[in-house]
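Structure at a glance
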Amino acid sequence: MKVVILAGGFGTRISEESQFKPKPMIEVGGMPILWHIMKEYTRYGYREFIICAGYKQEVIKKWFADYFLYNSDVTFDFSQGNQMTVHNTYTEAWKVTVVDTGLNTMTGGRIKRVKPFLGKESFMMTYGDGVSDVNIEELVKAHRKSGRLATLTAVLPEGRFGAMDMEGDQIKSFREKSQADVGWINGGYMVLEPEVLDYIEGDGTSFEREPLERLAEEGQLTSYRHKGFWRCMDTLQDKQKLEELWHAGGAPWKTWE
């Protein structure tokens, strides 16, 4: 099963870094968050990826073009006509297709544009800015069991702001906002049947609006509830939190060896 990753947005809420690179290429622990997401899927045996690029898509292509050399031991022998010898390589057995899906294309349009690379099989889709310890194997099982066209992972995000307990107009107390205050949201990590592409009109279609809404109305959308770790790198503060978890040796999304 192929894995489609949306990586074409502008990342305006983390502009401190996205002015230089697309958000999925912003690093956590010295590696792009895109790499972390791909490692999550690799842990469950999924190694074929289609990257829906757009904004600064050349940065993504160059990174993958150089990835083999960056992760190998190399001898450069200039005395023998600039020969290069690769001794060891530590790269994954990935097949990666990077597609320029347009600068201003919406999420649904980006998925629609990679249709020629998908074939007629089920495929996975997620966003290029969120990491999780979701069990991909159980997600796929839930999708197969549902018999529906689409399954998305529902997550409980951390509350970003404090909450107030009130009685009428009177504020009784302040407290940290809990997951229960926020409710379930779309966390990505979807499994989709090829028929889902027919629900996408074109470049201007936001996948989270008309396509998912129609699928829900027709009873073709199911959820896989994930109560474990999930975090979206929306802001610089989110990136710093992920960095802290990684360097403390307690990154919950690192389920691979």
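See the structure above.
In this report, we go over the structure that sits alongside the text. (Residues numbered from 1 in each chain as written. Predicted model: local features only at pLDDT ≥ 70, side-chain atom pairs only at ≥ 80, totals over all residues. Heavy atoms only, no water.)

Before going further, it helps to examine the overall build of the protein chain. Along the backbone of the protein chain there are eight helices and 16 strands. For a compact globule of 257 residues, the expected C-alpha radius of gyration is about 18 Å, and the protein chain comes in at 20 Å, within 12% of that figure. Dimensions of the protein chain along its principal axes, counting C-alpha atoms only, are 80 × 45 × 35 Å. A burial count over the protein chain gives 47% of its 257 residues as buried. (Helix = DSSP H or I, 4+ residues; strand = E, 2+ residues; numbered from the N terminus. Rg over C-alpha atoms; globule rule 2.2 N^0.38 Å. Buried < 20%, exposed > 50% of the residue type's maximum accessible area, 1.4 Å probe, protein only.)

Most of helix α2 (residues 33–42) is tucked away: ten of the ten residues are buried. When we look at burial in α2, the residues that qualify are I33, L34, W35, H36, I37, M38, K39, E40, Y41 and T42.

Let us look at the environment of I5. For I5, the location among the structural elements is in strand β1 (residues 2–7). Separated by 136 residues in the primary sequence, I5 and K141 place their C-alpha atoms 20 Å from one another. In this structure, I5 is in contact with L34, I37, M38, F49, I50, I51, C52, T126, Y127 and G128, ignoring residues within four places of it in sequence. (Contact = heavy atoms within 4.5 Å.)

Moving on, we come to a nonpolar patch on the surface. A contiguous nonpolar patch, built from F68, L69, F76, F78, M84 and V86 and spanning about 590 Å² of accessible area, is present on the exposed surface. Sorting the residues of the nonpolar patch by element identifies α3 (57–70) and β6 (83–89) as the ones contributing at least two each. Within the secondary structure, F76 sits in strand β5 (residues 72–77). (Patch = residues over 30% accessible without salt bridge, like charges linked within 9 Å, V, L, I, M, F, W, Y side chains within 5 Å. Areas by Shrake-Rupley, 256 points an atom, 1.4 Å probe, with all protein chains shown as cover. Salt bridge = Lys/Arg side-chain N within 4 Å of Asp/Glu carboxyl O.)

If you walk through the whole model with that rule in mind, you get ten aromatic pairs. Here F49 and W94 contribute two aromatic rings whose centre-to-centre distance is 5.8 Å and whose plane-to-plane angle is 75°, an arrangement assigned as edge-to-face. Here the residue F49 occupies a position in strand β4 (residues 48–53), and W94 occupies one in the loop between β6 and β7 (95–100), the gap between them amounting to 45 residues. Each member of the pair, F49 as well as W94, carries the same accessibility label: buried. Here the aromatic rings of Y67 and W94 are separated by 5.9 Å at their centres, their planes lie at 5°, and the arrangement is stacked. Highlighted residues: Y67 in helix α3 and W94 in the loop between β6 and β7, separated in sequence by 27 residues. Each of the two residues, Y67 as well as W94, counts as buried. Linked through ring pairs, W35, F229, W246, W253 and W256 together constitute an aromatic cluster. (Phe/Tyr/Trp six-rings, centres within 6.5 Å; stacked < 30°, edge-to-face > 60°.)

These values are about where atoms sit, not about what they do.
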